[in-house]
Amino acid sequence: MKAFRPGHILRFSGESRLKPRLIIVCAPSGAGKSTLCARIVNEYPEIIENVSFTTRPMRGQEEDGVDYFFIDQEEFEEKKARGFFVESATVHNHSYGVSQAQIETALASGRPIILDIDVQGAKTLTAKFQDALTIFVMPPSIEELKRRLELRDQGKTNNLELRIQNATKELKEADKFKYNVVNADLEVAYEEFKKIVEMELGTS
Ligand code: ADP
Ligand code: 5GP
């Protein structure tokens, strides 16, 4: 679940300490990217968190317009046809897409935007935004990944086996990212993650 809450953008009124750039964070589902993104957004509220559009069913405590914009396939196809998405892909049998307007608005406001997307999405977006910062979050093992998913979703993960199969494939793509962060101990992983963001986007 994402940290983004309505009002988050409005609450930040200072000058951004970070350059306006895309921060693309990829990882197999369950590796901890939402956790790391939530923490960095909490520490750097000038970072805008992208809210993607998806056709997958809502999970647990998720909220429409907060974690995702939950839409049906018909609306997704209509948006896609009129060029609403700067990137869209099928992930674990559901459609996901990033709104072009959200990215443009963030960058125009002089602030970075962080995106939690899959490896296909990262490839499409880095072709369009060549200076995007790319970070791949690795789980310590596939067993631990499965354990985290089962714990997080109380044994009700949508497409669990497919997510595990995809994880093995996604891990092979890690070397295409500028940085790899292993999320074994959360505190260690977060410090490393934060250091990368500050080094790449810091203005002072
Ligand atoms: P993702 O966004 O990559 O699917 P999440 O951030 O939702 O992953 O993390 C999956 C689960 O694992 C969550 O319940 C989260 O609290 C937990 N988690 C994240 N990082 C760690 C860690 N380093 N050690 C143990 N559990 C973790
Ligand atoms: P989940 O359904 O667990 O929230 O996300 C499943 C996967 O879809 C994750 O790897 C997540 O990063 C990815 N994802 C979320 N939004 C987008 C998007 O807009 N585009 C792409 N390509 N992937 C996305």
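In this text, all values refer to a predicted model and were calculated from it rather than measured experimentally.

Caption draft 1: Region of interest: the pattern of salt bridges. With the rule as written, the count across this model stands at 15 salt bridges. Salt bridges linked by common partners bring Arg21, Lys178 and Glu200 together as one network.

Caption draft 2: Molecular detail of the nonpolar core. Residues Ile23, Ile40, Ile47, Ile114, Ile135 and Phe193 are the most contacted members of the largest nonpolar core, which totals 28 residues. Residue assignment for this core shows that the elements contributing at least two residues are β1 (22–26), α2 (33–43), β8 (133–138), α6 (142–152), α7 (160–171), β9 (179–182) and α8 (186–201). By residue number, the principal contributor to this core is α8, which donates six residues. Discounting chain neighbours no more than four positions away, the residues touching Phe193 are Val25, Leu36, Ile40, Ile114 and Ile135. Among the nonpolar cores identified, the runner-up in size contains 19 residues, and Ile24, Ala106, Val119 and Phe177 belong to it.

Caption draft 3: Looking closely at the site of ligand 2. Taken together, 18 residues lie near ligand 2, and Arg56, Tyr68, Tyr96, Asp116 and Asp118 sit nearest. In the environment of ligand 2, an oxygen atom lies 3.4 Å from a nitrogen or oxygen atom belonging to the backbone of Gly97. Asp116 is positioned such that a nitrogen or oxygen atom in its side chain is 2.7 Å from an oxygen atom of ligand 2. Assessed atom by atom at 2 Å from the grid points, ligand 2 resides in the largest pocket. Listing elements by their share of the shell around ligand 2, those giving two or more residues are β5 (85–91) and β6 (94–99). Taken together, the residues that form the shell around ligand 2 break down as six nonpolar, five polar and seven charged.

Procedures and definitions
- Residues numbered from 1 in each chain as written.
- Chains lettered and ligands numbered in written order.
- Predicted model: local features only at pLDDT ≥ 70, side-chain atom pairs only at ≥ 80, totals over all residues.
- Heavy atoms only, no water.
- Salt bridge = Lys/Arg side-chain N within 4 Å of Asp/Glu carboxyl O.
- Core = buried A, V, L, I, M, F, W, Y, C linked by side-chain atoms within 4.5 Å.
- Buried < 20%, exposed > 50% of the residue type's maximum accessible area, 1.4 Å probe, protein only.
- Helix = DSSP H or I, 4+ residues; strand = E, 2+ residues; numbered from the N terminus.
- Contact = heavy atoms within 4.5 Å.
- Near = heavy atom within 4 Å.
- Polar contact = N/O pair within 3.5 Å; in protein donor to acceptor, adjacent residues only side chain to side chain.
- 1 Å grid on protein atoms, 1.4 Å probe; cavity = no way out; pocket = protein on both sides within 12 Å on 5 of 7 lines; lining within 4 Å.
- Sits in = over half its atoms within 2 Å of the grid points.
- Nonpolar A, V, L, I, M, F, W, Y, C, P; charged D, E, K, R; others polar.

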